[in-house]
Amino acid sequence: MQNVTATGGATFNANNSTNQGNNNGWNFNVASPQDYYWIGNGGNWTDANHWSLTSGGVSSGCIPTLIDNVFFDANSFSGGGQTVTINLQSYCKNMNWTGVTNTPTLDGGSQLDVYGSFTLANNMNLTYSGSLNFKSSAAGNTITTAGKTILFQSSFDGAGGEWILQDAFTATNNDILSTEAI
């Protein structure tokens with residue numbers, strides 16, 4: 001939840017929710033972080049049918065939140081020409097494409113917020129053109145681009161956040177914004 005004020009004298013509880021800021025009058029009972037694995041070939045990030053709690057497993061019926069880790073691996077794509085599209089504002093804690101097969105593509109134009117580490121793979125394509133926002137306030141986050149050129153606006157935001165570059169960070173868009181040191 002973000003930007004929601006509760007009034008009226010009752011107790012307002014948000015169970016299994018995440019406080020994204022500027023909320024008043026709420027008690028947040030945060031959900032437990034999950035690991036989500038992409039399944040079922042290409043599709044939209046916000047399609048819950050593409051997210052499983054196990055590699056190659058059945059759909060969880062949920063999409064990742066800002067506290068959840070996402071994985072793309074050998075069980076994500078059964079053939080070439082598959083695309084994961086960031087179709088609406090999306091979130092994750094850590095994103096990892098290590099072990100992916102069949103050269104999938106990450107595409108889309110909506111905002112992606114990453115609250116942890118970001119790991120791409122050599123055998124994938126990156127045509128994503130939305131904004132990528134690194135929002136962690138924790139130290140020790142890593143970024144691995146695997147030789148991919150960042151084609152989109154990137155921002156680094158989070159008091160105390162740290163991102164350690166594991167390889168070259170090449171960007172064609174000059175709008176790299178930072179409120180903290182990288």
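This one's a predicted model, so the numbers in the text were calculated from it and none came from an experiment. (Residues numbered from 1 in each chain as written. Predicted model: local features only at pLDDT ≥ 70, side-chain atom pairs only at ≥ 80, totals over all residues. Heavy atoms only, no water.)

(A) Here's a closer look at the side chain of Asp 68. Relative to the elements of secondary structure, Asp 68 occurs in the loop between β5 (51-52) and β6 (69-71). Of the side chains bearing the opposite charge, Lys 93 lies closest to the buried Asp 68, which forms no salt bridge; the N-O distance is 10 Å. For Asp 68, the side chain forms a polar contact with the main-chain nitrogen of Thr 65, separated by 2.8 Å. Residue contacts for Asp 68: discarding those within four places in its chain leaves Ser 32, Pro 33, Gln 34, Tyr 36, Ile 63, Cys 92, Lys 93 and Asn 94. (Helix = DSSP H or I, 4+ residues; strand = E, 2+ residues; numbered from the N terminus. Buried < 20%, exposed > 50% of the residue type's maximum accessible area, 1.4 Å probe, protein only. Lys, Arg positive; Asp, Glu negative; His and termini not counted. Salt bridge = Lys/Arg side-chain N within 4 Å of Asp/Glu carboxyl O. Polar contact = N/O pair within 3.5 Å; in protein donor to acceptor, adjacent residues only side chain to side chain. Contact = heavy atoms within 4.5 Å.)

(B) Broad picture of the pairing of strand β3 (residues 35-38). Looking at chain direction, β3 and β6 are connected through three bridges and run parallel. Within β6, the position partnered with Tyr 37 by the bridge is Phe 71. Judged from the two bridges that link them, β3 and β5 form a sheet pairing that is antiparallel. Within β5, the residue paired with Tyr 37 across the bridge is Ser 52. (Pairing = 2+ DSSP bridges.)

(C) Summary view of the state of the cysteines. All told, the structure shown has zero disulfides when counted by the stated rule. Cys 62 carries a free sulfur, and the closest cysteine sulfur to it, the one in Cys 92, is 16 Å from it. Cys 62 sits in the partly exposed class, given a relative accessible area of 38%. Look at Cys 92 and you get buried, because its relative accessible area is 0%. (Disulfide = S-S within 2.5 Å.)

(D) Structural view of the confidence of the model for the chain. Looking at the chain, pLDDT values average 89 and 93% of them are 70 or higher. With pLDDT under 50 throughout, residues 178-182 is counted as low confidence; its partners more than four residues away or in other chains account for 13 contacts. (pLDDT = per-residue confidence, 0-100.)

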